[in-house]
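Residue-level structural notes
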Amino acid sequence: MSRRARKTTAPAGAGAARCAVTVCRGCCCGTAKVPGVDHAGRLAGLRQALAGTAQVRVTGCLDACEQANVIVVQPSAAGRAAGGRPVWLGLVNDPDATEDIAAWISAGGPGLADPPGVLDLYAFVPSRRVRQAVDG
């Protein structure tokens, strides 16, 4: 049976049913170029905080180096249906910011829950070229 013809049912809480969190770990994010941050510890903490709630994935450079460390929160299927769109967060170098992001996603994320007001300080809009590469 070809891969296209195969139908699988994702378990509840998996795949598009959950938010996806993309953590940049490219040329600047997650490196010594952003000093004084326990990058591995932050990633592990985010994964632990969102276990079973969101898919956390690591990617190479998202080409928003001036905003290092970058996290992109993509809405769940329900969040997207409610009008949620991917939210780009930059300069996420404070442990409290990581906790706020995890709490927001646990509450539903984009489209389903309002982010804590402090996350407005981290939100940015990348170039259209960069957005298309990640969102597509």
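Here goes a summary of the coordinates provided. On a predicted model such as this, the values are computed, not experimentally measured, just so you know.

Cut-offs and rules
- Residues numbered from 1 in each chain as written.
- Predicted model: local features only at pLDDT ≥ 70, side-chain atom pairs only at ≥ 80, totals over all residues.
- Heavy atoms only, no water.
- Helix = DSSP H or I, 4+ residues; strand = E, 2+ residues; numbered from the N terminus.
- Buried < 20%, exposed > 50% of the residue type's maximum accessible area, 1.4 Å probe, protein only.
- Polar contact = N/O pair within 3.5 Å; in protein donor to acceptor, adjacent residues only side chain to side chain.
- Contact = heavy atoms within 4.5 Å.

Note the cis peptide between Ala-68 and Asn-69, where omega equals 5°. With respect to the helices, strands and loops of the structure, Asn-69 is situated in the loop between strand 2 (54–59) and strand 3 (71–74). For Asp-63, which is not a glycine, the phi torsion comes out positive at approximately 65°. Inspection of the secondary structure puts Asp-63 in the loop between strand 2 and strand 3. Phi is positive for Leu-91, which is not a glycine, with a value near 60°. A relative accessible area of 43% places Leu-91 in the partly exposed class.

Relative accessible area serves as the criterion here: at 4%, Asn-69 is assigned to the buried category. In this structure the side chain of Asn-69 is engaged in a polar contact, spanning 3.3 Å, whose partner is the side chain of His-39. In this view, Asn-69 contacts Arg-25, Cys-28, Cys-29, Gly-30, Val-34, Val-37, His-39, Leu-89, Gly-90, Leu-91, Val-92 and Asn-93; residues no more than four positions away in its chain are not counted.

By themselves, these observations are geometric and do not establish any function.
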